[in-house]
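Coordinates in review
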Amino acid sequence: MSYRLQIGLLFAFPVLLLGALYVLGASIPVPVLGREYVVRIALSDGSATIGLPEVLGPSDPSRPLVVIDAGHGGPDPGTVSETHREKAIVLGLARALRDKLLEDGSVRVAMTRDDDSFIVLEERAEIARALGADLFLSIHADSAGDREGVTGASIYTLSETASSEAAARYAEKENSADVINGVDLSAQDESVNAILVELSQRRTSEESAEFASLIEREGQGELVFHPQARRSAALAVLRAPDVPAVLFESGFVTNPEEAERLASVEGRERFAEVLARAIRIYFARQSAET
Ligand SMILES: [Zn+2]
């Protein structure tokens, strides 16, 4: 055997060995070769429905639809104090608001979660889009860290920079079978898409801001607001380009009195009354405009 051939074989051997292992891997149980990890996940028995949440309230699809999003859930508790967990407080608030809205039957309601389940952040806004929601409200409760005596609710809308970033992303999405505000993006060229999405996002931002103002107005004297109650931030959950969205930080879990109030029946009721009023006024204005 020539020296060259020997060297050649020496280099070829590991490649051949890997190739052989790969071929064998198809027939030999994977753990034997350790080719990859096998992760087993216990699936539900199939009785749980996967997909979009139920739309509650009037069956008339022309009625406005609000999607209520209780933050966190499942393995993600949100802010935790000695006595309270954000995920439980916000679910209580979300349920109270749902019940309040369903009382008079003028508004349709869906909840991103109505139990202790975990939903990925981006999915929450996508649920609202997929249902064709007219309004999205995400409910959270804050942490003040070590600062004592911090109280009050804040109302967040998507910041302007985050808003145009999100618009750009939607516009260049490769999967442009996307329909935004009734405009089919697959039928447009990219620069037109960018303008359409930008316009849609701008209008959505204005409507979000209007809803935020209504919450602040209707909550005066009823809810405790943080001194700087209106805020904007780059929040993933608010990024849908065509569903007006607000994130309501209902108060501070880390403030024992406030947490107690938010978790109480009266606290929930007060929250639900204010938010339901703001939502109804918002929809009444929208329908007056069109
Ligand atoms: Zn939160």
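A brief look at the structure comes next. (Residues numbered from 1 in each chain as written. Predicted model: local features only at pLDDT ≥ 70, side-chain atom pairs only at ≥ 80, totals over all residues. Heavy atoms only, no water.)

1. Brief notes about the pairing of strand 4 (residues 153–158)
- Extensive coverage of strand 4 is indicated by the burial of six of its six residues.
- Relative to strand 7 (residues 225–233), strand 4 runs parallel, the two being bridged by five bridges. Along strand 7, the bridge assignment pairs leucine 158 with alanine 233.
- In this structure, strand 4 lies alongside strand 8 (residues 245–252), joined through three bridges in antiparallel fashion. In the strand pairing of strand 8, tyrosine 156 is matched with leucine 247. (Buried < 20%, exposed > 50% of the residue type's maximum accessible area, 1.4 Å probe, protein only. Helix = DSSP H or I, 4+ residues; strand = E, 2+ residues; numbered from the N terminus. Pairing = 2+ DSSP bridges.)

2. Some remarks on helix 7 (residues 256–263)
- Those residues of helix 7 that sit buried are Glu258, Ala259 and Leu262. Down the axis of helix 7, the buried set is contained in an arc of 100°. They therefore lie on one face. Residues of helix 7 that are exposed and point over 90 degrees away from its buried face: Pro256 and Glu257.
- Buried residues along helix 7 sit against helix 3 (86–103), strand 8 and helix 8 (265–289).
- Measuring from the side-chain oxygen of the N-cap residue of helix 7 to the backbone nitrogen of glutamate 257 gives 3.1 Å; that N-cap residue is asparagine 255. (Arc of directions from axis to C-beta. Contact = heavy atoms within 4.5 Å. Polar contact = N/O pair within 3.5 Å; in protein donor to acceptor, adjacent residues only side chain to side chain.)

3. Topic: the layout of surface pockets
- Computed from the structure, the second largest pocket encloses a volume of approximately 500 Å³.
- Ala133, Asp134, Glu207, Pro244 and Gln286 are, among the 23 residues lining the second largest pocket, the residues nearest its centre.
- For the lining of the second largest pocket, the secondary-structure elements that each account for two or more residues are helix 4 (121–130), helix 6 (190–219) and helix 8.
- Broken down by element, the lining of the second largest pocket gets its largest block of residues, six residues, from helix 8.
- Looking at side-chain class alone, the lining of the second largest pocket contains nine nonpolar, eight polar and six charged residues. (1 Å grid on protein atoms, 1.4 Å probe; cavity = no way out; pocket = protein on both sides within 12 Å on 5 of 7 lines; lining within 4 Å. Points joined across faces, edges and corners; volume = space filled by probe spheres on them. Nonpolar A, V, L, I, M, F, W, Y, C, P; charged D, E, K, R; others polar.)

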